[in-house]
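# Understanding the architecture of this molecule
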Amino acid sequence: MDVIDLFKFFINSKSETPDDGGLLDFIENYLEGFEAVRVDVDDIKNLFIYKKFSEGEHLCFAGHVDVVPAGSNWDTNPYEAVEKDGFIYGRGAQDMKSGLAAFTQAVKETKEFKGTLSLMLTSDEEGEAVNGTVKLLEFLENNDLLPDACVVAEPTCSNRFGDAIKVGRRGSINGYLTLKGKQGHAAYPEKAINPIHNISKVLGNMAGVDLDNGDAFFSPSKFVVTDIRSGMQVTNVTPNELQMMFNVRNNTKTTQKEVTMFVEKHFKGLDFELRLTQGSYPFRTDTNTKLVRYLDSAIESVTGIRPEHSTAGGTSDARFISPMGVAVVEFGVKNDSIHSVNERTTRGEVEDLCKVFKTLIDNWE
């Protein structure tokens, strides 16, 4: 198999979260001479596979085999890799079976390496991400197998392949607010406390507001309202309470404390309950580290482009890897059709991604 054959095979293997589509067993067999460890939890499949070529640092490639559901109205079968019009179509083409194929093939073709090479793979990245990479990392830490550096092959590029790597990510704070009122007849508003009226007085000063100014690496933390619901779907009863959900993609300047203070400031005098959860915390890998410098060089060697160092976008499993003291970055193909109908990438991007990873491996010392 070459990298395109492997890529198409991965697309053809339906692996909607938490199903791995048999891909972890396949990769375990495909990488002959590598030692495999399975850390499966309930219906989540996890694989760590590694080979110590010689003394030296441990370089890991990480990612996920699972994909989001395909949805409807595709022009092609989402679980059949179709090559046409200069693109290869299929669910996971960008996110992230292209990256999966690229680093798997690059590692398979490696004959010599100054250290240890490994893959860290899960079927739980697109789901709750509770029993996936975090469980692998627990195993690696307990068995003194944590890597020194890690590349997560999520799609990162915007306009041209090679134009961006992710050297960090914002965190994600989720908010759940209940605003209390007093139910009553719409004809007698003076006898009721209408939470919809009350929230309307403050929402304009909250929704879409920046909680800080950001910095050179992170954009501002923004208060984004995602859901508001109340009432009984009738016109003559004012509601007893209102629920609002919001999200803050936070940088290092804003924590749960600042979010709580922001809400309390605007809801002062109102009867409300607030609950915050945090799915991930902000992190940034020093751009002077060996991993960033070597990956920059490999990308420029293959594409002629010096990539931007970005922290934009959503989250990935890199958020679990960085707190373990591992230098981690993300790099992959363009991300303009991830999770969408007719997800696609190009043959050239997949081939070049594999070349970048091979160059990184060959130059590592």
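Residues numbered from 1 in each chain as written. Predicted model: local features only at pLDDT ≥ 70, side-chain atom pairs only at ≥ 80, totals over all residues. Heavy atoms only, no water.

## Quick notes on the overall build of the protein
Per the secondary structure count, the protein includes 9 helices and 19 strands. Viewed in the frame of its principal axes, the protein has a C-alpha envelope of about 80 × 45 × 40 Å. A burial count over the protein gives 52% of its 365 residues as buried. Across the protein, the fraction of contacts at a sequence separation of at least 24, relative to all contacts at a separation of at least 6, is 77%. As presented, the protein carries roughly 16300 Å² of accessible surface, and 45% of it is formed by carbon and sulfur atoms. Put simply, the protein has 39 plus and 55 minus side-chain charges, and the middle of one group is 6 Å from the middle of the other. (Helix = DSSP H or I, 4+ residues; strand = E, 2+ residues; numbered from the N terminus. Buried < 20%, exposed > 50% of the residue type's maximum accessible area, 1.4 Å probe, protein only. Contact = heavy atoms within 4.5 Å. Areas by Shrake-Rupley, 256 points an atom, 1.4 Å probe, with all protein chains shown as cover. Lys, Arg positive; Asp, Glu negative; His and termini not counted. Charge placed at Lys NZ, Arg CZ, Asp CG, Glu CD.)

## With respect to the environment of L353
Summarising the element assignment, L353 is placed in helix α9 (residues 347-363). In this structure L353 comes out as buried when scored by relative accessible area, which is 0%. Note: C-alpha distance between L353 and V333 (20 residues apart in sequence) is 7.1 Å. Those residues in contact with L353 that lie beyond four places of it in its chain are S98, G99, A102, F161, F331, G332 and V333.

## Some points on the nonpolar core
A general trend in soluble globular proteins is that nonpolar side chains are found buried together. Formed by 57 residues in total, the largest nonpolar core has its most connected members in L59, F61, F103, L119, F331, F357 and L360. Element by element, the count of residues in this core is highest for α9, at 7 residues. Beyond its immediate sequence surroundings of up to four residues, L119 is in contact with I27, L31, L47, F48, I49, C60, F61, F103, T104 and V107. (Core = buried A, V, L, I, M, F, W, Y, C linked by side-chain atoms within 4.5 Å.)

## Topic: the packing of aromatic side chains
For the structure on display, the rule yields 16 aromatic pairs. With a centroid separation of 6.3 Å and an interplanar angle of 75°, the aromatic rings of F34 and F53 are classed as edge-to-face. In this pair, F34 is assigned in the loop between α2 (23-30) and β1 (35-38) and F53 in the loop between β2 (46-52) and β3 (57-64), connecting sequence segments 19 residues apart. Centre to centre, the rings of F87 and Y89 are 6.2 Å apart; their planes meet at 65°, and the pair counts as edge-to-face. (Phe/Tyr/Trp six-rings, centres within 6.5 Å; stacked < 30°, edge-to-face > 60°.)

## A short note on the packing of helix α3 (residues 97-108) against α9
With their axes 8 Å apart at the nearest point, α3 and α9 run at an angle of 40° to one another. The orientation of α3 relative to α9 falls into the category oblique. Crossing of α3 against α9: the hand is right-handed. For the pair formed by α3 and α9, the contact residues are S98, G99, A102, F103, Q105, A106 and V107 on the first element and V350, L353, C354, F357, K358 and I361 on the second. Grouping the constituent residues of the contact of α3 with α9 by class yields 9 nonpolar, 3 polar and 1 charged. (Axes fitted to C-alpha atoms, helices over the stretch in contact; angles between N-to-C directions. Parallel < 35°, antiparallel > 145°, perpendicular 65-115°, else oblique. Left-handed = near helix turned anticlockwise from the far one by under 90°. Nonpolar A, V, L, I, M, F, W, Y, C, P; charged D, E, K, R; others polar.)

## Topic: the pattern of salt bridges
Applying the stated criterion across every chain yields a total of 18 salt bridges. A salt bridge links E55 to K52; the nearest nitrogen and oxygen atoms lie 3.0 Å apart. Across the pair, exposure class does not vary: E55 and K52 are exposed alike. Close ionic contact of K290 with E57 constitutes a salt bridge, the shortest N to O distance being 2.8 Å. Here the residue K290 occupies a position in helix α7 (residues 290-303), and E57 occupies one in strand β3, the gap between them amounting to 233 residues. A relative accessible area of 18% places K290 in the buried class. Exposure remark for E57: the relative accessible area of 32% places this residue in the partly exposed category. (Salt bridge = Lys/Arg side-chain N within 4 Å of Asp/Glu carboxyl O.)

## Brief notes about α9
The terminal C-alpha atoms of α9, which comprises 17 residues, lie 24 Å apart, in line with the 24 Å expected from a rise of 1.5 Å per residue. Those residues of α9 that fall on the buried side of the exposure criterion are E349, V350, L353, C354, V356, F357, T359, L360 and I361. (Expected span 1.5 Å × (residues − 1).)

## Some thoughts on the packing of helix α1 (residues 3-12) against α3
For the pair α1 and α3, interaxial distance at closest approach is 9 Å and the crossing angle is 135°. Relative to α3, the element α1 lies oblique. For α1 against α3, the interelement crossing comes out right-handed. Of α3, the residues touching α1 (which contributes V3, L6, F7, F10 and I11) are K97, S98, L100, A101, A102, T104 and Q105. Of the residues that constitute the contact of α1 with α3, the class distribution is 8 nonpolar, 3 polar and 1 charged.

## So, α2
One turn of the α-helix equals 3.6 residues, which is why residues spaced by three or four share an orientation. Residues of α2 that are buried: L23, L24, I27 and Y30. The buried residues of α2 occupy an angular sector of 125° when projected down its axis, which confines them to one face. Each element contacted by the buried residues of α2 is listed here: α1, β1, β2, α3 and β6 (115-122). (Arc of directions from axis to C-beta.)

## A look at the state of the cysteines
Tallied over the entire structure, the rule returns 0 disulfides. There is no disulfide at C354, and the cysteine sulfur nearest it, in C157, is 15 Å away. Judged by its relative accessible area of 4%, C354 falls in the buried class. (Disulfide = S-S within 2.5 Å.)

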